[in-house]
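Here is what each chain is made of, one letter per residue.
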Amino acid sequence: MHGSFVGGLTLIFLAGLPLFATAQQANLQNPAALKEQAPPVFKALFETSQGNFVIEVHRDWAPIGADRFYNLVKNGFYDGCRFFRVVSGFMVQFGINGDPAIQRNWANANIKDEPTKQSNLRGYVTYAQGPPNTRSTQVFINYGDNSNLDHYAQGFMPFGKVVSGMNVVDKLYSGYGDGPPSGRGPDQGMIQQQGNAYLEKQFPKLDYIKKASIEK
């Protein structure tokens, strides 16, 4: 273990990694520990292989969803994640961690549904889910007017919207199309099991998140 002094802050290193990085890793191993309440409104900066975009989150739209997203971004969950489902004119989906050892901790870390207060219009951000009350870490950005999703039995509740860089979102690689059984794109089960190793080998053109962070 050793330390370094950077900009008035002493960073402690352990096994070559900053201690705050190892703390984030530990946090991501324990979803129940990530319970910090999000600010009423906050912005999350996503630095990607195509450029940057910013999601503005409004907690009053979906408090439970906003809190989960805030904790995921703050603790680095989305760093390195691929945009694995990009369907032109429909949506782009991400949020399966590239490390299976982290992802498996979130397999059943679901949050409850909330009333749908906003519509799934272009640029709005919503959790992906299957049956009711299965929101977890995966989110999607609407490419167009998907207001039909507002009325599904389980509901798709927007919690934020892209306020800058939507042109970057539009450029994310969509050549693989949807995943099985609708298309030949990445299989979500395989991503869960093998992480980025599977995607890098089978779908090397996918764009990805370099870093996601809460804007100060």
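The structure we're discussing is the one just above.
This one's a predicted model, so the numbers in the text were calculated from it and none came from an experiment. (Residues numbered from 1 in each chain as written. Predicted model: local features only at pLDDT ≥ 70, side-chain atom pairs only at ≥ 80, totals over all residues. Heavy atoms only, no water.)

**Re the sheet that holds strand S11 (residues 209-214)**
Spatial ordering of the open sheet is given by S6-S7-S9-S8-S10-S5-S4-S11, a layout of eight strands whose pairing is antiparallel. Edge positions in the open sheet fall to strand S6 (85-87) and S11, since each of these has one partner strand only. Within this sheet the neighbouring strands show an average axis-to-axis angle of 25°, counted without direction. The pairing of strand S4 (residues 41-48) with strand S5 (residues 51-58) spans eight bridges and is antiparallel. (Pairing = 2+ DSSP bridges. Helix = DSSP H or I, 4+ residues; strand = E, 2+ residues; numbered from the N terminus. Axes fitted to C-alpha atoms, helices over the stretch in contact; angles between N-to-C directions.)

**Concerning the packing of aromatic side chains**
Applying the stated rule across the entire model yields 18 aromatic pairs. Summarising the aromatic geometry, the rings of Phe 140 and Phe 156 are spaced 6.0 Å apart at their centres and angled 65° between planes, so their arrangement reads as edge-to-face. Of this pair, Phe 140 sits in strand S9 (residues 139-142) while Phe 156 sits in the loop between S9 and strand S10 (158-164), and the two are 16 residues apart along the sequence. Taking relative accessible area as the criterion, Phe 140 reaches 4% and is therefore assigned buried. One aromatic cluster is present, built from ring pairs that chain together Phe 46, Phe 53, Phe 69, Phe 77, Tyr 78, Phe 83, Phe 94, Trp 106, Tyr 127 and Phe 159. (Phe/Tyr/Trp six-rings, centres within 6.5 Å; stacked < 30°, edge-to-face > 60°. Buried < 20%, exposed > 50% of the residue type's maximum accessible area, 1.4 Å probe, protein only.)

**Focus: the pattern of salt bridges**
Under the defined criterion, the tally for this structure stands at seven salt bridges. Residue Lys 211 is joined to Asp 79 by a salt bridge in which the shortest nitrogen-to-oxygen separation is 4.0 Å. Placement of Lys 211 in strand S11 and of Asp 79 in the loop between helix H2 (63-74) and S6 is noted, with a sequence separation of 132 residues between them. Residue Lys 211 is classed as partly exposed on the basis of its relative accessible area, which comes to 40%. By relative accessible area, Asp 79 is classed as partly exposed at 28%. (Salt bridge = Lys/Arg side-chain N within 4 Å of Asp/Glu carboxyl O.)

**Section: the side chain of Thr 48**
Here Thr 48 shows up in strand S4. At 3.0 Å, the side chain of Thr 48 forms a polar contact with the backbone nitrogen of Gln 50. Those residues within four positions of Thr 48 in sequence are excluded, and the remaining contacts are Phe 53, Phe 83, Val 168, Leu 172, Tyr 208, Ile 209 and Lys 210. (Polar contact = N/O pair within 3.5 Å; in protein donor to acceptor, adjacent residues only side chain to side chain. Contact = heavy atoms within 4.5 Å.)

**Remarks on the nonpolar core**
Counting residues in each nonpolar core, the largest one holds 40 residues, and the members touching the most others are Phe 46, Phe 53, Phe 69, Tyr 78 and Ile 141. Per element, the largest residue contribution to this core is five residues, and it comes from H2. Contacts of Tyr 78, omitting those with residues within four sequence positions, involve Phe 46, Phe 69, Leu 72, Val 73, Phe 94, Gly 95, Thr 137, Val 139, Ile 209 and Ala 212. Core analysis: the next-biggest nonpolar cluster, separate from the first, contains seven residues, Phe 84, Ile 96, Ile 191 and Phe 203 among them. (Core = buried A, V, L, I, M, F, W, Y, C linked by side-chain atoms within 4.5 Å.)

**Digging into the pairing of S10**
Taken together, the four bridges between S5 and S10 define a ladder with antiparallel strand orientation. Its bridge partner being in S10, Val 57 is matched across the sheet by Gly 160. Where strand S8 (residues 124-127) and S10 come together, three bridges link them in antiparallel fashion. Note on S10: the bridge partner recorded for Thr 126 is Pro 158.

Limitation: the analysis is restricted to geometry and does not speak to function.
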